[in-house]
Amino acid sequence: MPELPEVETVRRGLLPHLEGHVLARAEARRPDLRWPLPPDLVQVLTGARVTALRRRSKYILADLEERGTLLLHLGMSGRMLIEGQSQGEFHRDPAILPRHDHVVLWTDQGTRITFNDARRFGMVDLIAPGAAHPLLAHLGPEPLGPDFTPDVLARALAGRRTPIKAALLDQRIVAGLGNIYVSEALHRAGIDPRRLAGRIGAARIAALVGHIRDVLDEAIAAGGSSLRDHRQASGELGYFQHSFRVYDREGAPCPRPACPGTIRRIVQSGRSSFYCPACQR
């Protein structure tokens, strides 16, 4: 499942092609993905101007002036394809099968943008002007935003008897984090993923906030992590997976200087956690 860096990378790739442009044409090629598509999706999108392209947690939001907001989630295998027109024809990677093109947009600058999703776990929805969407209603602060501070995180973790790994994956505590980047940030902070969230001191929480920000910034700069399906909007692979310190490195030596530990994998709440038992306490 794409995490914050992968979604932010896609948003940035789409930005020059969507923000400020009119959707000259829209097409929905099936009635549903993970959930049914809005019945008025094509009507709302056709002729709408995208005034802003935002991200909230793992969702992409396209504001459509007085028509509300288009909400997108990539799911497990969703891709946003950007295809420029040359001599009247659009060109794309032939390995990406057209039968998985589910929502297609044409802009006023002659660009075709396609939501392609082989496994159909993605979603497309509309938010009416001035309305709130239930998927966004209870999200915590953005980890790269000004509201995510050590004090805010400390208050959210206070008294919690769940492991810190599970707490950071709770989207009500902090939005957008997933398995990969929580594992990486906890290693940098030297915190065992099994440690109870409410028993981490203020100094360690402050350091953890900084490491979360650093990991996300580095991953975005690298175009995200391509483990299976993720591609940037340009079609290129992300390459942060080459910088993993612990994630998917079971049995490898700990990369922390002078640490004699070996990366271990455990299962927490059905998810793999990777950590170094020697330097993460």
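Criteria and cut-off values
- The written sequence of each chain sets the order in which its residues are numbered from 1.
- Given that this is a predicted model, residues contribute local features only at a pLDDT of at least 70 and side-chain atom pairs are listed and counted only at 80 or more, while totals for whole chains, interfaces and linings are drawn from all residues.
- Side-chain metrics in this entry use all non-hydrogen atoms of the structure; hydrogen atoms and water are not considered.
- UniProt positions are given in the numbering used here, feature names are shortened, and annotations may be inferred rather than shown by experiment.
- Axis lines are fitted through C-alpha atoms, for helices just across the contact stretch, and the angle between N-to-C directions can take any value from 0 to 180 degrees.
- A run of H or I in DSSP becomes a helix once it reaches four residues, and a run of E becomes a strand once it reaches two; helices and strands are each numbered from the N terminus.
- Left-handed describes a crossing whose near helix is turned anticlockwise from the far helix by less than a right angle; the clockwise case is right-handed.
- The contact rule is simple, with two residues in contact once any of their heavy atoms fall within 4.5 Å.
- Each residue gets one label: Ala, Val, Leu, Ile, Met, Phe, Trp, Tyr, Cys and Pro are nonpolar, Asp, Glu, Lys and Arg are charged, and the others, such as Gly, are polar.
- Here's how the labels work: a residue is buried when its accessible area is under 20% of the maximum for its type, exposed when over 50%, partly exposed in between, all with a 1.4 Å probe on protein chains only.
- In plain words, nonpolar cores are sets of buried Ala, Val, Leu, Ile, Met, Phe, Trp, Tyr and Cys residues tied together by side-chain atoms within 4.5 Å.

- The protein chain is annotated in an unreviewed UniProt entry as Formamidopyrimidine-DNA glycosylase of Paracoccus yeei.
- Recorded in UniProt under Subunit (unreviewed entry), the annotation for the protein chain is "Monomer."
- The protein chain has a UniProt comment under Sequence similarities (unreviewed entry) that states "Belongs to the FPG family."

### Quick look at the packing of helix α3 (residues 150–157) against helix α6 (residues 202–221)
Item 1. α6 packs onto α3 with a crossing angle of 115 degrees between their chain directions and a minimal axis gap of 9 Å. As α3 packs across α6, the resulting crossing turns out to be right-handed. Of α6, the residues touching α3 (which contributes P150, L153, A154 and L157) are I205, A206, L208 and V209.
Item 2. A breakdown of the residues in the contact of α3 with α6 according to their chemical character gives eight nonpolar, no polar and no charged.

### Regarding the UniProt feature "domain: FPG-type" (unreviewed entry) in the protein chain
Item 1. The feature "domain: FPG-type" (unreviewed entry), as annotated in UniProt, sits at residues 245–281 in this numbering.
Item 2. Between the end C-alpha atoms of residues 245–281 the distance is 16 Å, and the span holds 0% helix and 27% strand.

### So, the UniProt feature "active site" (unreviewed entry) in the protein chain
Item 1. Those places that UniProt annotates as "active site" (unreviewed entry) correspond, in this numbering, to P2, E3, K58 and R271.
Item 2. Judged by its relative accessible area of 4%, E3 is buried.
Item 3. Dropping the residues within four chain positions of it, E3 is found in contact with K58, G176, L177, G178, N179, I180 and Y181.
Item 4. Its location among the elements puts R271 in strand β12 (residues 271–275).
Item 5. Each residue touching R271, except ones within four places of it in the same chain, is listed here: N179 and I266.

### Points about unusual backbone geometry
Item 1. One non-glycine residue, E65, lies in the positive phi region at around 50 degrees.
Item 2. Relative to the helices and strands, E65 resides in the loop between β3 (59–63) and β4 (69–73).

### Some details on the nonpolar core
Item 1. Within the largest apolar cluster, 38 residues are counted, with the highest numbers of intra-cluster contacts made by L153, L157, I164, L168, L208 and I212.
Item 2. Of all the secondary-structure elements, those providing two or more residues to this core are α3, α4 (164–169), α5 (179–189) and α6.
Item 3. Of all the elements, α6 adds the most residues to this core, at eight residues.
Item 4. Setting aside chain neighbours within four positions, we find L153 in contact with F148, L168, I173, I205, L208 and V209.
Item 5. V10, A26, L37 and L41 belong to the second largest nonpolar core, which has 27 residues in total.

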